[in-house]
Amino acid sequence: MKIFKFFLCALLLTSFSTYAQDDEKAERQQGHTNENKFKQLYEEFSTPNVFRTGSGAPGPGYYQQQADYKMDIEIDDDNAKLHGDETITYTNNSPDDLNYLWVQLDQNMRARDSKTPLISSSGISPATVSSRAVKSYLKESFDGGFNIEHVKDVSGKDLPHTINRTMMRVELPKVLKSGEKFSFQIKWWYNINDHVKDGGRSGYEYFEENDNRIYVMAQFYPRMAVYNDVEGWQNSQFWGRDEFALPFGNFDVNITVPADHILDGTGYLVNREDVFTKDMMKRFNKAKKSYDEPVMIVTQAEAEITEKSKSKKKKTWKLSAQMVRDFGFATSRKFLWDMMAVKLGEKDVMAVSLYSKEGNPLWEQWSTKSVASTLRTYSRMTFDYPYHKAISVHAPMGMEYPMICYNFGRPDKDGNYSDRTKYGMISVIIHEVGHNWFPMIVNSDERQWTWMDEGLNTFSQYIAEQDFAEWYPAALSPSDKAYPSRRGPAKNIVRYMGGNQDFIAPIMTKGLNTYQFGNNAYGKPATALNILRETIMGHDLFDYSFKEYANRWKFKHPTPEDFFRTMEDASAVDLDWFWRGWFYTTDYTDIGIKEVKRFAVTGTPNDNGKRLAEQYNRDPSSLVYFIEEGAEGYDDAIKSAGTIDNLPTVKEYIMDNFSPKEQKEFKTAPQYFYEVTFEKPGGLVMPIIVEFTYADGTKKRETYPVQIWRLNDKQVSKAIASDKEIISIALDPDLETADVDTTNNAWPKEVKDSDFDKFKSKVRD
Ligand SMILES: [Zn+2]
């Protein structure tokens with residue numbers, strides 16, 4: 001009897017799948033491609049070493065450099081010029097000797113001799129708006145870029161330096177050995193750009209009414225490049241798109257502006273008593289205890305008076321910041337200012353907004369609350385926000401710096417705004433405040449890997465947006481049940497991933513060289529992480545691992561492998577196939593149902609059954625047979641049972657072959673047998689999520705892990721034994737895998753109106 005049982009299994013497997021032999025052949029042929037999709041990422045990853053371990057954590061030899069800045073900055077508001085005198089103290093924590101230092105001169109991207117305009121393909125349009133023609137052909141380009149007045153050591157001696165476009169190499173008087181510090185001083189000035197007309201991530205916006213400017217300043221000082229174990233000096237040129245790689249350090253910055261300006265920026269305001277009025281001090285103290293509503297520090301009425309005249313006096317604002325990778329500030333006499341307190345663990349953090357009257361009524365309602373909400377969500381997902389404040393500044397862009405960011409969202413002149421403007425503003429504030437974590441604190445190299453900050457941040461933004469709607473439901477429009485997030489849900493990336501492959505690059509591509517930047521560096525990685533969380537790993541494993549990554553690398557410099565490795569190390573989920581498919585290729589998901597066969601179970605063999613019994617040298621009456629619908633004997637089997645629902649179960653056929661003790665182990669009695677073949681026209685391997693609907697109306701979900709594709713990349717089959725009749729099967733019913741073609745996701749095939757039919761019915765209407 002034991003032998004018989006074994007035989008039955010073998011027979012079940014072979015006879016059940018008429019494709020069995022073809023499958024094996026196919027597996028042999030396709031072996032090489034399948035192996036690739038599940039092959040571990042040893043060739044793509046750098047070898048773990050003393051700096052970075054195989055677990056994805058910093059190793060025992062991990063080091064990072066430090067750059068401390070003392071700066072005196074002055075804005076010449078009449079001429080829109082910025083002057084700076086800075087002293088950089090550079091600490092060499094690496095084990096290496098350094099002969100020179102590299103300093104980033106990002107403003108040179110706007111210099112007249114910049115090569116940035118030369119790398120974009122351009123053509124002549126037969127019809128061009130005259131203002132564009134003026135800008136393109138009649139005007140000299142903006143005269144931007146750093147004017148370096150001198151580079152000296154602390155004793156005042158000139159240091160030899162070489163400027164190669166946006167990078168400056170400073171020669172050291174003697175080798176800077178491991179553990180040593182070197183201080184030097186740079187004096188500079190530049191013409192500030194109008195970021196609305198000329199573009200850019202910083203500059204001023206000009207308001208003709210009262211002849212005023214709002215300055216949002218960044219990349220405004222020569223900044224140290226990163227030196228580390230991965231790149232040596234990260235001195236890849238700034239072309240304008242790829243953002244920044246910066247070491248951590250401490251900043252003491254004195255900023256002199258017209259006395260009627262309101263200013264805020266990275267760091268503690270050291271001389272608050274000097275620059276605040278008594279009223280502002282009172283309101284500030286009130287704001288520190290206001291946890292629900294922002295308190296106005298400068299009101300709209302006050303700002304509207306201030307912007308009508310211009311003070312000839314000057315004021316210096318002193319800011320001091322520890323362990324930040326960059327410094328930004330915003331200043332204008334147009335600013336309103338509000339703040340509220342946010343409790344994070346034991347600590348209070350201030351959520352702050354700076355905006356002009358042009359931002360209202362939207363900004364006074366939602367800016368500071370968006371900041372507060374972001375601080376809560378991101379702290380929960382990663383680690384508590386370590387700084388004392390987070391500022392959102394109203395400017396027509398979206399850009400981030402430590403503790404301060406610049407965000408769009410402006411109502412029209414009458415104060416009306418669309419849903420799109422409102423949600424756009426809340427989303428950009430959440431996004432840019434979120435950048436405090438990625439990359440300002442979890443300090444990845446933006447110049448090289450855009451997705452490491454934008455992708456992780458856009459993923460977290462999605463969660464923060466959903467939280468925001470829960471905490472501030474009044475912000476939602478009546479027709480919205482949840483926050484209408486643009487990026488995150490799997491179905492939103494389908495159009496991009498299923499699009500023209502000529503214009504898609506893998507996520508693991510330097511930002512400068514990618515097509516469809518937003519989809520590539522923001523949308524797709526954010527969606528990939530969302531799919532990992534929702535579908536592949538589940539919330540518990542994902543959230544634990546994501547938090548582990550953030551905590552391992554806060555105030556440090558992670559690489560992509562550090563992220564990939566940590567996510568696996570902390571979860572015990574092998575994700576190499578996922579990183580490989582989603583991050584290293586442009587493959588997309590398309591899984592479908594190729595065929596569903598239905599079988600009747602019977603004791604009477606057809607010719608095929610008899611042939612198999614003979615082949616295995618068995619008595620035909622000792623076997624149980626599965627006859628496919630439509631095959632010889634199927635109708636007879638149904639007829640002898642009366643109806644399909646009266647077919648005996650497989651159990652009834654084989655009971656006699658087993659002892660009563662053995663029979664006790666038979667717990668199920670399936671009556672309906674199906675063989676479902678799944679096809680995979682898409683290149684990505686993904687789990688198969690199946691929903692069975694039964695004749696009694698009930699449903700059941702089954703997920704076949706991705707490894708089902710490991711031996712056959714094109715198609716796989718599953719034998720389904722059921723005690724209820726299956727009437728339909730749906731794949732990925734909640735659209736969670738970014739399947740680009742859902743027309744093959746249902747059995748029986750859903751008959752949908754063709755576009756032509758819809759067109760016809762429209763014409764008839
Ligand atoms: Zn961003």
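Bear in mind the structure is a predicted one, so any value in this text is a computation, not a measurement.

### Things to note about the overall build of the chain
Point 1. The number of helices and strands found in the chain is 21 helices and 31 strands.
Point 2. Taken over 765 residues, the chain has a buried fraction of 54%.
Point 3. Long-range pairs, those at least 24 residues apart, make up 75% of the contacts in the chain with a sequence separation of at least 6.
Point 4. For the chain, the computed accessible surface area is about 34700 Å², with 50% contributed by carbon and sulfur atoms.
Point 5. Positive and negative charge centroids in the chain, built from 96 and 112 side chains respectively, lie 3 Å apart.

### What to know about the nonpolar core
Within soluble globular proteins, side chains that are nonpolar generally end up buried alongside one another.
Point 1. Phe184, Phe220, Trp337, Phe563 and Phe578 are the most contacted members of the largest nonpolar core, which has 191 residues in total.
Point 2. For this core, the element with the highest residue contribution is helix H11 (residues 450-471), accounting for 9 residues.
Point 3. Every residue in contact with Phe184, bar those within four places of it in the chain, is listed here: Glu86, Thr87, Ile88, Leu101, Val103, Val151, Lys152, Asp153, Leu159, Val170 and Met224.
Point 4. Of all hydrophobic cores here, the second largest spans 7 residues; its members include Ala600, Ile627, Tyr634 and Ala641.

### Let's talk about the confidence of the model for the chain
Point 1. Of all residues in the chain, 93% attain a pLDDT of 70 or more, and the chain-wide mean is 92.
Point 2. In the model, residues 1-21 has pLDDT below 50 throughout and makes 36 contacts with residues more than four positions away in sequence or in other chains.

### A word on H11
Point 1. In this model H11 runs 31 Å from its N-terminal to its C-terminal C-alpha over 22 residues, within 8% of the 32 Å that 1.5 Å per residue would give.
Point 2. Across the 22 residues that make up H11, a large majority, 19, are buried.

### Brief notes about the environment of Phe51
Point 1. Among the secondary structure elements, Phe51 is positioned in the loop between helix H2 (20-38) and strand E1 (66-76).
Point 2. For Phe51 and Gly61, which are 10 residues apart along the polypeptide, the C-alpha to C-alpha distance reads 4.7 Å.
Point 3. Residues in contact with Phe51, not counting those within four places in the same chain, are Ala57, Pro58, Gly59, Gly61, Tyr62, Tyr63 and Asp229.

### Considerations on the packing of aromatic side chains
Point 1. The final tally for this structure, using the stated rule, is 56 aromatic pairs.
Point 2. Measuring from ring centre to ring centre gives 6.1 Å for Tyr204 and Tyr215, while their planes differ by 70°; the resulting arrangement is edge-to-face. Of this pair, Tyr204 sits in strand E8 (residues 203-207) while Tyr215 sits in strand E9 (residues 212-217); the two residues are 11 residues apart in sequence, bridging distant segments of the chain.
Point 3. Overall, Tyr204 belongs to the buried group, its relative accessible area being 12%.
Point 4. Taking relative accessible area as the criterion, Tyr215 reaches 0% and is therefore assigned buried.
Point 5. Geometrically, the ring pair formed by Trp317 and Trp337 is tilted, given 6.3 Å between the ring centres and 55° between the ring planes. Of this pair, Trp317 sits in strand E17 (residues 314-324) while Trp337 is found in strand E19 (residues 336-344), placing the two residues 20 residues apart along the sequence.
Point 6. Note on Trp337: relative accessible area 1%, which makes it buried.

### A few points about unusual backbone geometry
Point 1. Following Asn360, the chain continues into Pro361 via a peptide bond in cis, with omega recorded as 10°.
Point 2. Cis geometry marks the peptide bond from Trp747 to Pro748; its omega dihedral reads -5°.
Point 3. The residue Pro748 is located in the loop between strand E31 (746-747) and helix H21 (755-764) in this model.
Point 4. Even without being a glycine, Asn210 presents a positive backbone phi close to 65°.
Point 5. Its location among the elements puts Asn210 in the loop between E8 and E9.
Point 6. For Asn210, a relative accessible area of 29% corresponds to the partly exposed category.
Point 7. The residue Asn617 is not glycine, and still its phi comes out positive at about 60°.
Point 8. Its location among the elements puts Asn617 in the loop between helix H17 (607-615) and strand E25 (625-628).
Point 9. The class of Asn617 is exposed, set by a relative accessible area of 68%.

### Quick notes on the packing of helix H14 (residues 539-553) against helix H15 (residues 560-569)
Point 1. For the pair H14 and H15, the least separation of the axes is 8 Å and the interaxial angle reads 135°. The pairing of H14 with H15 is recorded here as oblique in orientation. Seen along the crossing, H14 lies across H15 with a hand that is right-handed. Along its contact with H14, which presents Phe542, Ser545, Phe546, Glu548, Tyr549, Arg552 and Trp553, the element H15 presents Asp562, Phe563, Thr566, Met567 and Asp569.
Point 2. For the contact of H14 with H15, the residue count by class is 6 nonpolar, 2 polar and 4 charged.

### A short note on the pattern of salt bridges
Point 1. One pass over the structure, following the stated rule, counts 47 salt bridges.
Point 2. The shortest N-O distance in the salt bridge between Glu44 and Arg580 comes to 3.1 Å. Residue Glu44 is found in the loop between H2 and E1, and its partner Arg580 is found in helix H16 (residues 576-584); the two are separated by 536 residues along the sequence.
Point 3. Owing to a relative accessible area of 33%, Glu44 belongs among the partly exposed residues under this scheme.
Point 4. Residues Asp106 and Arg223 are paired through a salt bridge, measuring 3.3 Å at the closest nitrogen-oxygen approach. Of this pair, Asp106 sits in the loop between strand E3 (98-104) and helix H3 (130-138) while Arg223 sits in strand E10 (residues 223-224), and the two are 117 residues apart along the sequence.
Point 5. Residue Arg223 is classed as buried on the basis of its relative accessible area, which comes to 0%.
Point 6. Here the salt bridges do not stand alone but share partners, grouping Glu209, Glu307, Lys334, Lys357 and Glu358 into one network.

### Some remarks on the sheet that holds strand E14 (residues 262-265)
Point 1. With respect to topology, 4 strands assemble into an open sheet ordered E8-E9-E18-E14, the strand pairing being antiparallel. Two strands lie at the open edges of the sheet, namely E8 and E14, each paired on one side alone. Geometrically, the sheet is characterised by an average inter-axis angle of 10° between neighbouring strands, direction not taken into account.
Point 2. Bridge count between E8 and E9: 5 bridges; the pairing is antiparallel. Directly across from Phe207, in E9, lies its bridge partner Asn212.

### A look at the sheet that holds strand E21 (residues 389-394)
Point 1. Strand order in the open sheet formed by 6 strands is E16-E19-E20-E21-E23-E22, with mixed pairing between adjacent strands. Lying at the two open borders of the sheet, with one neighbouring strand each, are strand E16 (295-298) and strand E22 (399-401). Each adjacent strand pair in this sheet contributes to an overall mean axis angle of 20°, direction not counted.
Point 2. With 3 bridges connecting them, E16 and E19 associate as antiparallel partners. Note that in E19 the partner of Val295 across the bridge is Met339.
Point 3. Strands in contact with helix H6 (residues 278-287) are E16, E19 and strand E20 (347-355); relative to E16, the strand with the most contacts, it is inclined by about 155°.
Point 4. Each of E19, E20, E21 and strand E23 (404-407) is contacted by helix H8 (residues 362-381), which is oriented at about 25° to E19, the strand it contacts most.

Parameters and conventions
- Here, residues in each chain are numbered from 1, in the same order as that chain's written sequence.
- Local features in this predicted model are restricted to residues of pLDDT 70 or higher, and side-chain atom pairs are both shown and tallied only at a pLDDT of 80 or more, whereas totals for entire chains, interfaces and linings draw on every residue.
- Note that the side-chain values use all heavy atoms of the structure and ignore hydrogens as well as water.
- Secondary structure elements follow DSSP: runs of H or I of four or more residues count as helices, runs of E of two or more count as strands, with numbering from the N terminus.
- We call a residue buried when its accessible area falls under 20% of the maximum for its residue type, exposed when it is over 50%, and partly exposed in between, using a 1.4 Å probe and counting protein chains only.
- Contacts were defined at the residue level, with two residues in contact if any of their heavy atoms lie within 4.5 Å.
- Accessible surface area values rest on a Shrake-Rupley calculation with a 1.4 Å probe, where residue burial reflects the displayed protein chains alone.
- Residues scored as positive are Lys and Arg, those scored as negative are Asp and Glu, and His as well as the terminal groups of each chain are ignored.
- Charge positions are represented by NZ for Lys, CZ for Arg, CG for Asp and CD for Glu.
- By nonpolar core is meant a set of buried Ala, Val, Leu, Ile, Met, Phe, Trp, Tyr and Cys residues that side-chain atoms within 4.5 Å join together.
- Scored between 0 and 100, pLDDT is the confidence that the predictor attaches to each residue.
- Expected helix span is given by 1.5 Å per residue-to-residue step, counting one fewer step than there are residues.
- Stacked, edge-to-face and tilted labels apply to pairs of Phe, Tyr and Trp rings (six-membered ring for Trp) whose centres lie within 6.5 Å, assigned for plane angles under 30 degrees, over 60, and everything in between, in that order.
- All axes here are fitted lines through C-alpha atoms, helices being fitted over the stretch that makes contact, and every angle between N-to-C directions spans 0 to 180 degrees.
- When describing relative orientation, an angle under 35 degrees is termed roughly parallel and one over 145 degrees roughly antiparallel, while 65 to 115 degrees is termed roughly perpendicular and anything else oblique.
- Whether a crossing is left-handed or right-handed is set by the direction in which the near helix is turned from the far one by less than a right angle, anticlockwise for left-handed and clockwise for right-handed.
- Residues are grouped as follows: nonpolar covers Ala, Val, Leu, Ile, Met, Phe, Trp, Tyr, Cys and Pro; charged covers Asp, Glu, Lys and Arg; every other residue, Gly included, is treated as polar.
- The rule for a salt bridge is simple: a side-chain nitrogen of Lys or Arg has to be within 4 Å of a carboxyl oxygen of Asp or Glu.
- Pairing between strands is defined by DSSP: at least two bridges between the two strands are required.

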